[in-house]
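# A closer look at the structure
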Amino acid sequence: MLIDGRLHEGAFTFDVFDPATGTVLTPSWCADRAMAQRAIAAANRAFPAWRDSPAKDRARALEALASALAERAEAFARLLTQEQGKPLGEARGEVGASIEALRYHAGLRLEERVLVDAPGERIVEQRYPLGVVAAIVPWNFPLLVLVLKLAPALVAGNCVIAKPAPTTPLTALLLGELAADLLPPGVFQTLGDDGTLGPLLAPDPGIAHVSFTGSTATGRKVMASAADSLKRFTLELGGNDAALVLDDADISAIAPRLFEGAMANAGQVCIGIKRIYAPRGKIDALCDALADLARQAVTGSGLDPATTLGPVQNAAQHARLAELLAESRALGRVVVGGAPLEKEGWFVPPTVIRDLPEHARLVRKEQFGPVIPLLAYDSVDEAVSRVNESEYGLGASVWSGDTERALKLAGRIESGLVWVNRVFSLPFEVPIGGAKQSGIGRHQGQAGLEEFTQARIVNAVLA
């Protein structure tokens, strides 16, 4: 772990498991309360100098970290596959995106914004960093999500303490090892966690901002923990992202993209497709097309070049999916898949289930696994209403042969992000954020950078 510029062993170790085998991959270090408090104190000591350093120097540090990560990209990718489970090609993609994210954010600046410039007065908006940011990172994209918090927070002048998920700490800790020689002591620190540190970090008065990505239930706890001090927070939470297929869509053309949207990273993508609504007259053809793609998928270890679908990441998620599948088999009709594989590791085959009632948990809740329900509708108005009848609003997509028609429907969907005829298009310059119970705040782009700052209005009479 990286604490105050030095690499430290933890207070104790906990086991990190290989999801492809269900066996221990390696022990990993864990911080205790005293180490966490030392990290917070070190970050607060480092903050004034880092805040006051020239923006170009902070940018140069991010560029250096990007270059160091690029030099070890393959080692990071293999470690990521081992701890997270995703196929090596997907892991390489995550590492590459992390490098690009560091370089993109290195180019951002916080410029003064003139609000009023008139005879006798000038009013401007300025932005200044908050202080110490706790970056609480999930297990589905443990490196990329960390970088998407770390990069804007650092370039804005904050210091960052990273707390990776207990099941995927290794790439985050390795990133800390790279940063040890590139960033001043205390500016970036990494704390291994067995699940006990989050409740310590979030309410601590030495933390100015909590950036959390994870479940809505845990997000509520983070929000509550910030209440006493009214500290700032950004929450990227759960989603139940719907794909709405229109009657003029070309099923053979869109089926592979729908399949990818539902099954990438074994379905463990916050903005991945979680439910598909299709016209009653097209649902049979879509079921057949998705089932064919599911049968072609190769489920196995992410290190095997033949694998196209890895395991789910941890035992708890595997057990939860088994429960959802048992309920879904009773309520709907399995087209393909339908039960966890009887093999070592936490494998769930790509599964398509149709004809579920709207109250089924697989329809109402976020499954976070390679299981997709297909639901028939009779009118577009009915479909839009069913899409919007959700406590979540992270992402959605509309699929049509008529782009203008699809765009009009996209404007009726209650979600922070709506794609038209695509998924997973997330350029770094475009901010995203959830609606309803899918989160608070923005990520990426200039708006995402400003999440890590406080606005200050300077209102002056000119002599």
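Report on the accompanying structure.

The rules we used
- Residue positions are given per chain, counting from 1 as you read along its sequence in written order.
- Residue-level local features of this predicted model are given only where pLDDT is at least 70; pairs of side-chain atoms are given and counted only at 80 or more, and the full residue set underlies all totals for whole chains, interfaces and linings.
- With hydrogens and water excluded, all non-hydrogen atoms of the structure serve as input to the side-chain values.
- Being paired, for any two strands, means DSSP has found at least two bridges between them.
- Secondary structure follows DSSP: runs of H or I at least 4 residues long count as helices, runs of E at least 2 residues long count as strands, and numbering of each begins at the N terminus.
- Only the contacting stretch of a helix is used when fitting its axis, a line to C-alpha atoms as for every element, and angles between N-to-C directions run 0 to 180 degrees.
- To define a nonpolar core, start from buried Ala, Val, Leu, Ile, Met, Phe, Trp, Tyr and Cys residues and group those joined through side-chain atoms within 4.5 Å.
- Here the term buried applies to any residue with accessible area under 20% of the maximum for its type, exposed to any over 50%, and partly exposed to those in between, with areas from a 1.4 Å probe on protein chains only.
- When checking whether two residues touch, look at their non-hydrogen atoms; a contact exists if any pair is within 4.5 Å.
- We define a polar contact as two N or O atoms separated by no more than 3.5 Å, with the added condition that, inside protein, one atom must be a possible hydrogen donor and the other a possible acceptor, whereas residues neighbouring each other in sequence contribute only through side-chain atom pairs.
- If the strands point away from the viewer and the path from the first strand over the helix to the second runs clockwise, then the crossover is right-handed.
- Positive charges come from Lys and Arg, negative ones from Asp and Glu, while His and the chain ends are left out of the count.
- Salt bridges are identified by distance alone: a Lys or Arg side-chain nitrogen within 4 Å of an Asp or Glu carboxyl oxygen.
- Directions pointing from the helix axis toward each C-beta atom define the arc.
- In what follows, roughly perpendicular refers to angles from 65 to 115 degrees, roughly parallel to angles under 35, roughly antiparallel to angles over 145, and oblique to any angle outside these ranges.
- Polar here means any residue other than Ala, Val, Leu, Ile, Met, Phe, Trp, Tyr, Cys and Pro, which are nonpolar, and Asp, Glu, Lys and Arg, which are charged; Gly is therefore polar.
- Only centres within 6.5 Å qualify two rings of Phe, Tyr or Trp (six-membered ring in Trp) as a pair; their planes then separate them into stacked at under 30 degrees, edge-to-face at over 60, and tilted for everything else.
- Only when the NZ atom of a Lys or the CZ atom of an Arg is both within 6 Å of the ring centre and within 35 degrees of the ring normal do we say a charge sits over the ring.

### Here's the deal with the sheet that holds strand E6 (residues 121–129)
Pairing is antiparallel across the open sheet formed by 3 strands, whose spatial order is E5-E6-E22. Each edge of the sheet is formed by a strand with only one pairing partner; in this case those strands are strand E5 (113–118) and strand E22 (453–461). Taken pair by pair, the neighbouring strands of this sheet meet at an average axis angle of 15°, ignoring direction. Two strands pair when backbone bridges link them, and E6 and E22 are joined in this way by 9 bridges, in the antiparallel orientation. Paired with Glu125 across the bridge in E22 is Ile457.

### Some remarks on the nonpolar core
Leu175, Phe188 and Leu191 are the most contacted members of the largest nonpolar core, which totals 78 residues. Discounting chain neighbours no more than four positions away, the residues touching Phe188 are Leu2, Leu146, Leu150, Val160, Ala162, Leu175, Gly176, Ala179 and Leu183. Counting residues in hydrophobic clusters, the runner-up holds 67 residues, among them Ala243, Leu290, Val312 and Ala383.

### Some details on the environment of Arg405
For Arg405, the position within the fold is in helix H14 (residues 403–410). Look at Arg405 and you get partly exposed, because its relative accessible area is 27%. In the structure, Arg405 is positioned 159 residues away from Leu246 in sequence and 9.4 Å away in space, judged by C-alpha atoms. The residues touching Arg405, leaving out its near neighbours within four places in the chain, are Leu246, Asp247, Asp248 and Val380. A distance of 3.3 Å separates polar atoms of two side chains, one belonging to Arg405 and the other to Asp248.

### Observations regarding the pairing of strand E8 (residues 159–163)
The element E8 is largely enclosed, with a buried count of 5 among its 5 residues. Neither face of E8 is open: one carries Cys159, Ile161 and Lys163, the other Val160 and Ala162, and all of them are buried. Here 5 bridges tie strand E7 (residues 132–136) to E8, and the two strands are oriented parallel to one another. Note on E8: the bridge partner recorded for Ala135 is Ala162. Crossover connection from E7 via helix H5 (residues 144–155) to parallel E8: handedness right-handed. Here E8 pairs with strand E9 (residues 188–190) via 3 bridges, running parallel. Looking across to E9, one finds that Val160 is bridged to Phe188. With helix H6 (residues 170–179) bridging E8 and its parallel neighbour E9, the resulting β-α-β unit is right-handed.

### Describing the sheet that holds E8
In spatial order, the strands read E9-E8-E7-E10-E11-E21; together these 6 strands make up an open sheet with mixed pairing. The outermost strands of the open sheet, each flanked by one partner alone, are E9 and strand E21 (439–440). Across the sheet, helix H1 (residues 33–52) touches E7, E8 and E9, and the angle it forms with E8 is around 150°.

### Overview of the side chain of Glu236
One can find Glu236 in strand E11 (residues 232–236). Within the buried set, Glu236 has no salt-bridge partner at all; the shortest N-O distance to an opposite charge, 5.4 Å, is to Lys149. In contact with Glu236, other than residues within four places in its own chain, are Phe212, Thr213, Gly214, Cys270, Ser438 and His443.

### Quick look at H14
Within H14 the residues assigned to the buried category are Ala406, Leu409 and Ala410. Buried residues in H14, looked at end-on, bunch into an arc of 105°, giving them a common side. For H14, the exposed residues lying more than 90 degrees away from the buried face are Glu404 and Lys408. Packing partners of the buried residues in H14 comprise helix H13 (380–388), strand E18 (396–399) and strand E19 (418–420).

### Focus on the environment of Gly401
Residue placement: Gly401 occurs in the loop between E18 and H14. Placed 248 residues apart in sequence, Gly401 and Ala153 show a C-alpha to C-alpha distance of 41 Å. Leave out the neighbours within four places in its chain, and Gly401 touches Asp248 and Ala249.

### Describing the packing of helix H2 (residues 55–71) against H5
The description of two packed helices rests on the angle between their axes and on the distance between the axes. One way to put it is that H2 packs onto H5 with a least axis distance of 9 Å and a crossing angle of 155°. When the axis of H2 is compared with that of H5, the two are roughly antiparallel. Where H2 abuts H5, its residues Arg58, Leu62 and Leu65 lie against Leu150, Ala151, Leu154 and Val155. Class assignment of the residues belonging to the contact of H2 with H5 gives a composition of 6 nonpolar, no polar and 1 charged.

### A few points about the side chain of His318
Within the secondary structure, His318 is located in helix H11 (residues 315–331). A relative accessible area of 16% places His318 in the buried class.

### Some details on the packing of aromatic side chains
Evaluated as defined, the whole model comprises 4 aromatic pairs. For the ring pair Trp139 and Phe368, a centre distance of 5.5 Å and an interplane angle of 75° mean the geometry is edge-to-face. With Trp139 in the loop between E7 and H5 and Phe368 in the loop between helix H12 (361–364) and strand E16 (371–377), this residue pair connects regions lying 229 residues apart in the sequence. For Trp139, a relative accessible area of 19% puts it in the buried group. A relative accessible area of 11% means that Phe368 is categorised as buried. For the cation-ring pair, Lys343 lies above Phe347, with the distance from its terminal atom to the ring centre recorded as 4.4 Å.

### Examining the pairing of strand E3 (residues 12–18)
Of the pairings in the sheet, the one linking E3 to strand E4 (residues 23–30) comprises 7 bridges and is antiparallel in character. Bridge assignment links Val16 to a residue of E4, and that residue is Thr26. From the end of E3 to the start of E4, which pair antiparallel, there are 4 residues, and Gly22 there has a positive phi angle of about 75°.

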